[in-house]
Amino acid sequence: MTAAELRAIARDAARAGGAAAVAFASASPHDAARDGMTRAFEGGAFASWPYDARYAETATDPPALLAGARSVVCVAVPFAHPAPHRREPATGRVSNYAWAADYHPRLREILRGVARALDAAAGAPVTRIACDTAPLAERAFAARAGLGWIGKHTNLIAPELGSFVFLGEVITTLDLAAEAPSKKTCGSCARCVAACPTGALRGDYTIDAARCISDLTQRTGAIPRELRTLVGDWIWGCDLCQLVCPPTRRARGAADVAYAPDREGAFPPLIELLRMRSSQFRRRYRRTAMGWRGAAVLRRNAAVALGNALDRSAVPALTEALETDPHPMVRGHVAWALGRIRSPRAMAALGARLVGEEDSTVREEIAVALAS
């Protein structure tokens, strides 16, 4: 069977499953991506990631994931639906990729369909899928395949679809004949760089992920004090750099219906999040892309958003959380929020808690909040 025939089989299977775009790359090691990732690790840009520079070696070398790999099938599925029109007061914002059901099962279903089709054509297992289940620099290989180009916001921009796309890959030992990379760039446009509140985007197609709001809202430790005001009302992820991106704003690709949002998915009530415990979290979020992190991270983020809202009506709920939340990280961020609001009742709550708080990191947060 020719490479063209195999590509047609893969493309038909991907589109039948729901992929909006399909392209093919060589599975040879991606030296440029490896070097870029290595520099990022060494420079501290990925300091909050649970990996080290060895990740760059594996993620850019498909044969390390599948012996004899020759090709990578790259697929894109658009997910950006319009936000619900009405937003209630005292709500936070969620990145639109997490508004609805977790995308991984849907994307894996598409990739498994492609893998089955190629295995059947070869008469033997010749594939491995990659969808956050294997370390692969998906944007780098999607760009190599010509699926799009990597923008200054470091996301892949697919023609007609923009950057709000889920990416997935099928690595195969079959030779599918690689397609040419896109020659497009962002040119002089730097709207995403200007839109980033924390200065995470450098303008040279690289990012300091340790300053990215999306990373800050998903990490398990404390959000650095100097960055908390810049997080705004985001409680999971951030879309600001992509919302201003011209190709994404012009995108005409229809979003997959599986990712249509509901109002609470896009704008969750902050007080409810602040009071949420693990059982409630599992019921509400276990099937979403937020389900893997746990309730404490969302409570912490809700506290930061409430502090940034400067809403005195939130002080009773914050005071309750300062006294009763079981997680020191959450209590510390609640103390910061009360210090931001700085009403008499907020300051009184901080002073009262300073005496009884046993955790040293929380006591420090309270002391800083009182002194600010």
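Computed from a prediction, not measured in an experiment: that's the story for all the values here. (Residues numbered from 1 in each chain as written. Predicted model: local features only at pLDDT ≥ 70, side-chain atom pairs only at ≥ 80, totals over all residues. Heavy atoms only, no water.)

Participant: Would you mind going over the pairing of strand S2 (residues 71–78) with me for this structure?
Facilitator: Side-chain positions along a regular strand alternate between the two faces of the sheet. Taking burial as the measure, the eight residues of S2 include eight buried ones, the bulk of the element. Taking every second residue as pointing to the same face, both faces of S2 are buried, with Ser71, Val73, Val75 and Val77 on one and Val72, Cys74, Ala76 and Pro78 on the other. Note: S2 against strand S7 (residues 165–172), eight bridges, orientation antiparallel. Considered in S7, the bridge of Val73 is made with Val170. (Buried < 20%, exposed > 50% of the residue type's maximum accessible area, 1.4 Å probe, protein only. Helix = DSSP H or I, 4+ residues; strand = E, 2+ residues; numbered from the N terminus. Pairing = 2+ DSSP bridges.)

Participant: Would you explain the packing of aromatic side chains in this entry?
Facilitator: To describe a pair of aromatic rings, one takes the distance between the centres and the angle between the planes. Evaluation of the coordinates by the stated rule reveals eight aromatic pairs. Each ring, one from Phe41 and one from Phe46, has its centre 5.1 Å from the other, and the planes form 80°; the classification is edge-to-face. The same class applies to Phe41 as to Phe46, namely buried. Judged by centre distance (6.3 Å) and plane angle (75°), the rings of Tyr97 and Tyr103 are edge-to-face. You can call Tyr103 buried: its relative accessible area is 14%. What links up through ring pairs into an aromatic cluster is the set Phe79, Tyr97, Tyr103, Phe164 and Phe166. Taking NZ or CZ as reference, Lys184 lies 5.1 Å from the ring centre of Trp149, over its face. (Phe/Tyr/Trp six-rings, centres within 6.5 Å; stacked < 30°, edge-to-face > 60°. Lys NZ or Arg CZ within 6 Å of the ring centre and 35° of its normal.)

Participant: Before we go on, may I ask you to explain the packing of helix H16 (residues 328–341) against helix H17 (residues 344–356) in this structure?
Facilitator: Any two packed helices are characterised by the angle at which their axes cross and by the distance between the axes. Contact geometry for H16 and H17: axes closest at 8 Å, N-to-C directions at 140°. Crossing angle aside, the handedness with which H16 passes H17 is left-handed. On H17, the residues touching Arg331, Ala335, Leu338 and Gly339 of H16 are Ala346, Met347, Ala349, Leu350 and Arg353. Grouping the constituent residues of the contact of H16 with H17 by class yields six nonpolar, one polar and two charged. (Axes fitted to C-alpha atoms, helices over the stretch in contact; angles between N-to-C directions. Left-handed = near helix turned anticlockwise from the far one by under 90°. Contact = heavy atoms within 4.5 Å. Nonpolar A, V, L, I, M, F, W, Y, C, P; charged D, E, K, R; others polar.)

Participant: Explain the nonpolar core here, please?
Facilitator: Formed by 80 residues in total, the largest nonpolar core has its most connected members in Val73, Trp236, Leu274, Leu318, Val334 and Leu338. When residues in this core are grouped by element, the largest group, nine residues, is from helix H14 (residues 295–309). Apart from residues lying up to four places away in sequence, Leu338 is in contact with Val315, Leu318, Thr319, Leu322, Ala346, Met347, Ala349 and Leu350. Ala21, Ala158, Val165 and Leu167 belong to the second-largest nonpolar core, a separate cluster that totals 24 residues. (Core = buried A, V, L, I, M, F, W, Y, C linked by side-chain atoms within 4.5 Å.)

Participant: Help me understand the environment of Ala209, please; the structure alone is not making it clear to me.
Facilitator: By the element assignment, Ala209 lies in the loop between helix H6 (191–195) and helix H7 (213–218). Using a relative accessible area of 8% as the deciding quantity, one classes Ala209 as buried. For the pair Ala209 and Thr173, spaced 36 residues apart in sequence, the C-alpha to C-alpha distance is 33 Å. Contact partners of Ala209, with chain neighbours within four places excluded, come to Ala45, Phe46, Trp49 and Asp215.

Participant: Before we go on, may I ask you to explain helix H15 (residues 315–324) in this structure?
Facilitator: Counting along an α-helix, one turn takes 3.6 residues, and residues three or four places apart therefore face a common direction. What H15 keeps buried is the set Val315, Ala317, Leu318, Thr319, Ala321 and Leu322. Buried residues belonging to H15 abut helix H12 (270–275), H14, H16, H17 and helix H18 (360–371).

Participant: What am I meant to see in the pattern of salt bridges here?
Facilitator: Oppositely charged side chains may form a pair once their charged atoms are brought near each other. Tallying each qualifying case throughout the model produces 14 salt bridges. We note a salt bridge from Asp31 to Arg34, for which the minimum N-O separation is 3.1 Å. Of this pair, Asp31 and Arg34 both sit in helix H2 (residues 31–42), three residues apart, roughly one helical turn. Overall, Arg34 belongs to the partly exposed group, its relative accessible area being 24%. (Salt bridge = Lys/Arg side-chain N within 4 Å of Asp/Glu carboxyl O.)

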